[in-house]
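Each chain, written out:
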Amino acid sequence: MEKTETKQLQAEIRRLCKEKNAVVLAHYYTTGDIQECADFVGDSLALARKAANTDADIIVMCGVHFMAETCKLLSPEKTVLVPDPEAGCSLADSCNADDLRRWKEEHPGYMVVQYVNTTAATKALTDVVVTSGNAKKVIDQLPMDAKILFGPDYNLGSYINSVTGREMELWQGGCHVHERFSVAAIAKMKQENPDAVVMAHLECKAPVLAMADVKGSTADMLHYAQQHEPQKYIVATEAGILHELQRTCPDCEFLPVPPEVSEGTVGCQCNECQYMKLNTLIKLRDCLRDGKPEVTVPADIAKDAVKPIERMLQMS
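Attention here is on the structure that accompanies the text.

The rules behind each value
- Residues numbered from 1 in each chain as written.
- Predicted model: local features only at pLDDT ≥ 70, side-chain atom pairs only at ≥ 80, totals over all residues.
- Heavy atoms only, no water.
- Pairing = 2+ DSSP bridges.
- Helix = DSSP H or I, 4+ residues; strand = E, 2+ residues; numbered from the N terminus.
- Axes fitted to C-alpha atoms, helices over the stretch in contact; angles between N-to-C directions.
- Contact = heavy atoms within 4.5 Å.
- Phe/Tyr/Trp six-rings, centres within 6.5 Å; stacked < 30°, edge-to-face > 60°.
- Buried < 20%, exposed > 50% of the residue type's maximum accessible area, 1.4 Å probe, protein only.

### Examining the sheet that holds strand 2 (residues 40-42)
Argument step 1. Taken in spatial order, the four strands line up as 2-1-3-4 in an open sheet, and their pairing is parallel. Of all strands in the sheet, those with a lone pairing partner are strand 2 and strand 4 (79-81), marking the two edges. The sheet shows a mean angle of 20 degrees between the axes of neighbouring strands, taken without regard to direction.
Argument step 2. With five bridges joining them, strand 1 (residues 22-27) and strand 3 (residues 58-62) adopt parallel strand pairing. From the neighbouring strand, V23 faces strand 3, where its bridge partner is I59.
Argument step 3. On top of the sheet, helix 3 (residues 44-52) reaches strand 1, strand 2 and strand 3; it is set at about 170 degrees to strand 1, its chief contact.

This is the structure:
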């Protein structure tokens with residue numbers, strides 16, 4: 001898209017926001033042109049909480065579907081729109097409500113802790129949710145003898161087990177983006193850039209985390225870079241974060257870790273979520289203009305789904 005067209009679309013989006021009393025939320029993994037015209041940019045739960053504290057009538061979530069559901073759970077009186085309803089999440093899809101219900105039946109007496117990257121229907125069957133940023137803090141507050149089912153992200157759960165001494169039962173789910181980072185590429189990049197700091201998201205596999213100097217959420221990585229002297233970073237998370245990293249830390253150099261590729265193929269030097277990239281300026285403009293697609297959560301599910309979020313907020 002030409003720069004002039006991009007600017008025109010961004011201006012039209014801002015005009016529509018003012019006209020309709022709407023706020024635009026952009027996850028760190030969306031494209032830079034969307035982040036540039038959003039009211040708030042951040043991680044999913046933080047965005048939903050910010051939108052809930054505004055007087056906007058309409059929330060547009062540029063992210064994936066479960067994030068829009070979370071917005072609706074925290075702002076039931078507001079209209080929640082998404083640019084593309086097909087923007088789903090491989091991690092959320094890896095454990096649906098029926099899967100979780102069966103897992104619970106197989107483990108009577110266990111409490112359920114779920115990563116926030118889940119559907120509203122799954123949250124409704126959960127005792128407490130966590131984010132990658134507060135998972136350890138929440139788990140540390142649970143009784144040491146508590147029997148816990150943790151899902152759906154196996155990598156995050158495995159990491160939390162390792163740093164808390166827990167033996168939680170883990171669902172075998174994962175993010176298709178964070179699962180495919182190349183350990184060999186990180187080793188090569190580190191060899192070529194021995195002064196670089198390696199940052200990795202907790203959704204990454206254990207071998208990737210073992211190579212990281214900074215382990216945490218997307219916001220944790222951003223805060224670390226902002227709070228330290230300018231330097232070089234090797235970044236193992238979805239490439240959309242590079243826009244905000246470079247914007248807020250212009251004197252730093254950020255090197256994205258590529259995905260694993262088969263021998264003989266040419267791999268992209270970035271690792272992207274195709275679902276996040278379904279959000280475009282044109283779709284954002286259209287959903288604001290037309291007032292659809294709208295995301296709703298059935299009242300009976302919403303009543304139970306908001307409880308584990310509220311419990312997490314109390315604990316964190």
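### Considering the packing of aromatic side chains
Argument step 1. Counted according to the given criterion, the structure contains three aromatic pairs.
Argument step 2. Note on Y224 and Y233: the rings are 6.3 Å apart at their centroids and 90 degrees apart in plane angle, and the pair reads as edge-to-face.
Argument step 3. By relative accessible area, Y224 is classed as partly exposed at 24%.
Argument step 4. Given a relative accessible area of 0%, Y233 falls into the buried group.
Argument step 5. Measuring from ring centre to ring centre gives 5.4 Å for Y233 and F254, while their planes differ by 15 degrees; the resulting arrangement is stacked. Of the two residues, Y233 sits in strand 11 (residues 232-236) while F254 sits in strand 12 (residues 253-256), which places them 21 residues apart along the sequence.
Argument step 6. Under the relative-accessibility criterion, F254 is labelled buried at 8%.

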